Amino acid sequence: MIIKRLTASILFSLSLIISPLLIADDAQDKGLAIAKEMKSRDRGWVDSSAEMEMVLHSRGGRETRREMRILSLEVQDDGDKSMTIFDSPNDVKGTAFLSFTHNNADDDQWLYLPALKRVKRIASKNKSGPFMGSEFSYEDLSSFEVEEYDYRWLRDEEVNGELCYVVEIIPRDKYSGYSREIVWIDQTHYRALKIEFYDRKESVLKTLTLSDYQLHLDKFWRPAKQTMVNERNGKSTEVFLRNYQFRSGLDEQDFTENSLKRAR
């Protein structure tokens, strides 16, 4: 009886040590599984284009509006490609941004400045900088790729009546401007509804809200509105997307450094 009691006591003590590790492993596995399902549900769109309006809000309430277009190309076995073209106002018209996201390597990004008539490469260590004066960084414009992060499921929680998985994702890129991100993903369609971005001091730097989702081709959900709020300086940027088109015949030749200069 004494031996049984000692054994039970030892097992209980061990459980206090082992249980947190098991919980952590389960949370990491669940977080990764959620991320994989999210990515899996967004495969097969081939290519897309959309019109985009960006509204920059200063802390004092001043607005700056920009009209743009965004083209995207799905890439098999690697990250996606995208090109953003500015149509107005005149001081940024013709500016174009090209991004190649990669699964297991640094992303490639270029910015064409028509006033200088040259293409500027965005260095990996500079991608945390603001994109064209907005509250979005160059890093924020890369496509989501599962391999670029580590994951941990935190809890389930409602956002605007939608039951969500709350997942912590930690960038593997040493040049990332974020220490981690907390993402709310709805459990029905696996859409990101809200993201908190934490700086290297573990403070919330920015909050992104994605809303007004619309279903395309009976499978692919896209937000018609994205709002990025800078919690540090009080500025915000709204992005409105409309007139989505899919599978219109875009190919690799539409996403090259030379195509940046031809973008109109």
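Residues numbered from 1 in each chain as written. Predicted model: local features only at pLDDT ≥ 70, side-chain atom pairs only at ≥ 80, totals over all residues. Heavy atoms only, no water.

## Description of the nonpolar core
Reasoning step 1: Counting 48 residues, the largest nonpolar core has F131, Y151, V167, I185 and L208 as the members making the most contacts within it.
Reasoning step 2: Those residues in contact with I185 that sit more than four places away from it in its chain are I34, M38, L163, C164, Y165, V167, Y190, R191 and A192.
Reasoning step 3: L73, A96, F255 and L260 belong to the second largest nonpolar core, which has 13 residues in total. (Core = buried A, V, L, I, M, F, W, Y, C linked by side-chain atoms within 4.5 Å. Buried < 20%, exposed > 50% of the residue type's maximum accessible area, 1.4 Å probe, protein only. Contact = heavy atoms within 4.5 Å.)

## Describing the environment of L56
Reasoning step 1: When you line up the elements, L56 lands in strand β1 (residues 47-57).
Reasoning step 2: Along the primary structure L56 and E135 are separated by 79 residues, whereas in three dimensions their C-alpha atoms are 8.0 Å apart.
Reasoning step 3: With sequence-adjacent residues up to four places away left out, L56 is seen in contact with R62, E63, T64, R66, M132, G133, S134, S236 and T237. (Helix = DSSP H or I, 4+ residues; strand = E, 2+ residues; numbered from the N terminus.)

## Notes on the pairing of β1
Reasoning step 1: By the criterion of burial, β1 is predominantly enclosed, with ten of the eleven residues buried.
Reasoning step 2: Note that β1 and strand β2 (residues 63-73) share eleven bridges and pair antiparallel. Paired with D47 across the strands is L73, a residue of β2.
Reasoning step 3: Count of turn residues in the β1/β2 antiparallel hairpin: five residues, of which G61 carries a positive phi of about 100°. (Pairing = 2+ DSSP bridges.)

## Some words on the pattern of salt bridges
Reasoning step 1: Inspection of the entire model under this criterion finds 22 salt bridges.
Reasoning step 2: Across the pair E202 and R180 runs a salt bridge whose closest N-O atoms are separated by 2.7 Å. Placement of E202 in the loop between β10 (192-198) and β11 (204-216) and of R180 in strand β9 (residues 180-186) is noted, with a sequence separation of 22 residues between them.
Reasoning step 3: Relative accessible area serves as the criterion here: at 42%, E202 is assigned to the partly exposed category. (Salt bridge = Lys/Arg side-chain N within 4 Å of Asp/Glu carboxyl O.)

## Side note on the confidence of the model for the chain
Reasoning step 1: For the chain, per-residue confidence averages 90 on the pLDDT scale, and residues scoring 70 or more make up 90% of the total.
Reasoning step 2: Below a pLDDT of 50 lies the segment residues 1-23, which in the model reaches one contact outside its immediate sequence neighbourhood of four places, other chains included. (pLDDT = per-residue confidence, 0-100.)

## Some remarks on the layout of surface pockets
Reasoning step 1: The volume enclosed by the second largest pocket comes to roughly 220 Å³.
Reasoning step 2: Of the residues assigned to the lining of the second largest pocket, the class counts are three nonpolar, three polar and nine charged. (1 Å grid on protein atoms, 1.4 Å probe; cavity = no way out; pocket = protein on both sides within 12 Å on 5 of 7 lines; lining within 4 Å. Points joined across faces, edges and corners; volume = space filled by probe spheres on them. Nonpolar A, V, L, I, M, F, W, Y, C, P; charged D, E, K, R; others polar.)

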